[in-house]
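Take a look at the letters that make up each chain.
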Amino acid sequence: MTATITPELPAVELPELSAETLISDIERYLAARVRTTAHPLVTKTTAELIAEALGTTAAPAAAPAPALAEPSRLLRVLPDWVLSVPVLRQLHGGRGRRVTTAEHLELTALVIERYGWTQGQHRSRSGRRCILGAQAVLYRLGYGDERSVSDAAVQLQAVLAARGIRQPYHEWNDQAGRTQDQVLALLRSAAQEARR
């Protein structure tokens, strides 16, 4: 990845909370996102089927942002490979939990909100993450798989392309003048598009 490296932001003292809190909040969020349908083989909700039958389009409801507690400082600053250690993944991770593209994008935004955001690297020494680094946290903890990350990448690129931006999203993340708010807005817009 070629990018402009920006200086590290001053260290901010973060409260020490457990990894269990982060994982518990992710699980609670995912449980709230369970779609109920008329039949297990039906992929649309009853409301979506009725709207389709009547020829109207039901606008997807905006999902409320889940409230995640700050992750453990130790979990933020440990090397990424540690998140894949089977014992840690068993205790704290999704254990191969399937997530939709929209859920992956929303959880990526939440990781950036909680860990902090960086440019020019996947993670800073203090644990801040770029988009790719936040996706790596979810993947290594077992929330989704390679396809989840790939589908999210396609969705991010589609949103950028609709805005006339042709550069890869990781380069867009690293562009000089980019802000955390812009990154979070892109992730949430892509999540909303993925729900359609």
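Rules behind the numbers
- Residues numbered from 1 in each chain as written.
- Predicted model: local features only at pLDDT ≥ 70, side-chain atom pairs only at ≥ 80, totals over all residues.
- Heavy atoms only, no water.
- Helix = DSSP H or I, 4+ residues; strand = E, 2+ residues; numbered from the N terminus.
- Expected span 1.5 Å × (residues − 1).
- Buried < 20%, exposed > 50% of the residue type's maximum accessible area, 1.4 Å probe, protein only.
- Contact = heavy atoms within 4.5 Å.
- Axes fitted to C-alpha atoms, helices over the stretch in contact; angles between N-to-C directions.
- Parallel < 35°, antiparallel > 145°, perpendicular 65-115°, else oblique.
- Nonpolar A, V, L, I, M, F, W, Y, C, P; charged D, E, K, R; others polar.
- 1 Å grid on protein atoms, 1.4 Å probe; cavity = no way out; pocket = protein on both sides within 12 Å on 5 of 7 lines; lining within 4 Å.
- Points joined across faces, edges and corners; volume = space filled by probe spheres on them.
- Core = buried A, V, L, I, M, F, W, Y, C linked by side-chain atoms within 4.5 Å.
- pLDDT = per-residue confidence, 0-100.

Visitor: Looking at this structure, I do not really get helix α9 (residues 180-195). What am I missing?
Guide: Counting along an α-helix, one turn takes 3.6 residues, and residues three or four places apart therefore face a common direction. Helix length check: α9, at 16 residues, gives a terminal C-alpha distance of 23 Å against a target of 22 Å (1.5 Å per residue), a fit within 8%. For α9, the set of buried residues is Val 183, Leu 184, Leu 186, Leu 187, Ala 190, Ala 191 and Arg 195. Against α5 (101-115), α6 (131-141), α7 (146-162) and α8 (169-174) lie the buried residues of α9.

Visitor: Any chance you could explain the packing of α7 against α9 here in plain terms?
Guide: Any two packed helices are characterised by the angle at which their axes cross and by the distance between the axes. Two elements in contact, α7 and α9, have axes whose closest approach is 9 Å; the angle formed by their N-to-C orientations is 105°. Considering the angle they form, α7 stands roughly perpendicular to α9. Taken together, the residues of α9 that come into contact with α7 (itself represented by Gln 155, Leu 156, Val 159 and Leu 160) are Leu 186, Leu 187, Ser 189, Ala 190, Glu 193 and Ala 194.

Visitor: Help me out: how do you make sense of the packing of α5 against α7 in this one?
Guide: Between α5 and α7, the least distance of the axes is 9 Å, while the angle of their chain directions is 80°. The orientation of α5 with respect to α7, classified from their angle, is roughly perpendicular. Facing Thr 101, His 104 and Leu 105 of α5, the residues of α7 in contact are Ser 148, Val 149, Asp 151, Ala 152, Gln 155 and Leu 156. Residues that form the contact of α5 with α7 fall into these classes: 4 nonpolar, 4 polar and 1 charged.

Visitor: Please clarify how the side chain of Asn 173 should be interpreted in this entry.
Guide: Considering the arrangement of structural elements, one finds Asn 173 in helix α8. Every residue in contact with Asn 173, bar those within four places of it in the chain, is listed here: Trp 117, Thr 118, Gln 119, Cys 130, Ile 131, Arg 178 and Val 183.

Visitor: Which parts of the structure should I look at to understand the layout of surface pockets?
Guide: Summary: where empty space remains is shown by rolling a probe the size of a single water molecule over the atoms. Counted as a void, the second largest pocket has a volume near 230 Å³. Forming the boundary of the second largest pocket are 12 residues, of which Arg 98, Val 99, Asp 145, Arg 147 and Ser 148 lie nearest the centre. At the level of elements, α5 and α7 are the ones that each hand at least two residues to the lining of the second largest pocket. Broken down by element, the residue count for the lining of the second largest pocket peaks at 3 residues, all from α7. The residue inventory of the lining of the second largest pocket, partitioned by class, reads 1 nonpolar, 5 polar and 6 charged.

Visitor: What am I meant to see in the nonpolar core here?
Guide: Counting 33 residues, the largest nonpolar core has Ile 112, Ile 131, Tyr 143, Leu 156 and Leu 187 as the members making the most contacts within it. Put simply, the parts of the chain that give this core at least two residues each are α1 (19-32), α5, α6, α7, α8 and α9. Per-element tally for this core: the top contributor is α5, with 8 residues. Filtering out sequence-adjacent residues up to four positions away, Ile 112 remains in contact with Trp 117, Arg 129, Cys 130, Ile 131, Ala 134, Gln 180, Val 183, Leu 184 and Leu 187.

Visitor: I tried to follow the environment of Gly 133 on my own but got confused; where do I start?
Guide: Tracing the sequence through the fold places Gly 133 in helix α6. On the basis of relative accessibility, which here comes to 0%, the residue Gly 133 falls in the buried class. In the structure, Gly 133 is positioned 16 residues away from Trp 117 in sequence and 9.3 Å away in space, judged by C-alpha atoms.

Visitor: Which parts of the structure should I look at to understand the confidence of the model for the chain?
Guide: Predicted coordinates in regions of low pLDDT should not be interpreted in detail. In the predicted model, the chain carries a mean pLDDT of 76, and the fraction of residues at 70 or more is 59%. Contacts from residues 62-71, a stretch scored under 50 in pLDDT, to residues over four places away or in other chains number 27 contacts.

Visitor: Is there a simple way to explain α5 in this structure?
Guide: Between its first and last C-alpha, α5 extends 21 Å over 15 residues, near the 21 Å set by a 1.5 Å rise per residue. The buried count for α5 comes to 13 of 15 residues, which makes it a mostly enclosed element. The first or second residue beyond α5 is Gly 116, which carries a positive phi of 100°.

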